[in-house]
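# Coordinate inspection notes
Here are the chains, one letter per residue:
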Amino acid sequence: MDVHDLALPAPGPARSALLLRRTQAEWRAGGQDLLLFAYGSLIWRPGFDYVERLPARVLGFHRSLSMRSRTNRGSPEQPGLVLALLAGGSCRGLVYRIARAQAEPVLQQLWEREMINGVYDPRWLRCHTPAGPLRALAFTLPRRSPSWTGRLPDADLLHVLRHARGRYGSTLDYLLLTVKSLREHGIRDAELERQAHLAAQHGLC
């Protein structure tokens, strides 16, 4: 059993609060600025001030549009999709350095945005950057999670892209904004590019 499974309730507000306290304690023990690995919407809409931003690569995890979203990019009636980090492969993204004095409110803000139901598994991952290896917080998802969709057939993906919308907008907009932002940072994600091309082929964008 993974150490991250221990003493954690099922996804929901109690799990979210427990994971926040655990993450705060882990960060405070380091006594440094908060480092955050961004691989999706945090690249194009961080929503916080940072003192440094570095290109970064994580080994052992990859970006995947395979996590159900019933709030941010979908609804209970029509779940959408958002990105998660899944075990295996590698992922290019950004590392943000957030000043220690701002870290507590930023963590609280991140939990309200990303961890409303405590679905993600926050982890400190080794990130390879031009400044050397850095340990940064990332939001990962285990495949045993009920929020993981697995690989969806293209027909199912297109249905979601046509219909899913949540408090932050549609899954389609989320996908297209992520692809655009990754390109602006010199990152080409082959699978996200394929999904965006599929949407265009079917007249969705």
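Values in this document were obtained by computation on a predicted structure and should not be read as measured data.

### Looking at helix H3 (residues 100-114)
- The first and last C-alpha atoms of H3 sit 20 Å apart over 15 residues, in line with the 21 Å expected at 1.5 Å per residue.
- Along H3, the sharpest kink reaches roughly 25°, centred on Val106.
- Along H3, the residues that are buried comprise Ala103, Val106, Leu107, Leu110, Trp111, Arg113 and Glu114.
- Residues of H3 that are buried in the fold lie against helix H1 (13-30), strand E1 (34-38), helix H2 (41-44), strand E3 (80-98), strand E4 (121-129) and strand E5 (132-140).

### A short note on the packing of H1 against H3
- Contact pair H1 / H3: the axes reach a minimum separation of 11 Å and the direction vectors enclose 160°. Relative to H3, H1 is oriented roughly antiparallel. Like other packed secondary-structure pairs, H1 and H3 cross with a definite hand, here right-handed. Only Arg100, Ala103, Glu104, Leu107, Gln108 and Trp111 of H3 make contact with H1, whose side of the interface consists of Ser16, Leu19, Leu20, Thr23, Gln24, Trp27 and Arg28.
- Here the contact of H1 with H3 is composed, by residue class, of six nonpolar, four polar and three charged.

Each value, and the rule that gives it
Residues numbered from 1 in each chain as written. Predicted model: local features only at pLDDT ≥ 70, side-chain atom pairs only at ≥ 80, totals over all residues. Heavy atoms only, no water. Helix = DSSP H or I, 4+ residues; strand = E, 2+ residues; numbered from the N terminus. Expected span 1.5 Å × (residues − 1). Bend = angle between axes of the 7 residues up to and from the residue. Buried < 20%, exposed > 50% of the residue type's maximum accessible area, 1.4 Å probe, protein only. Contact = heavy atoms within 4.5 Å. Axes fitted to C-alpha atoms, helices over the stretch in contact; angles between N-to-C directions. Parallel < 35°, antiparallel > 145°, perpendicular 65-115°, else oblique. Left-handed = near helix turned anticlockwise from the far one by under 90°. Nonpolar A, V, L, I, M, F, W, Y, C, P; charged D, E, K, R; others polar.

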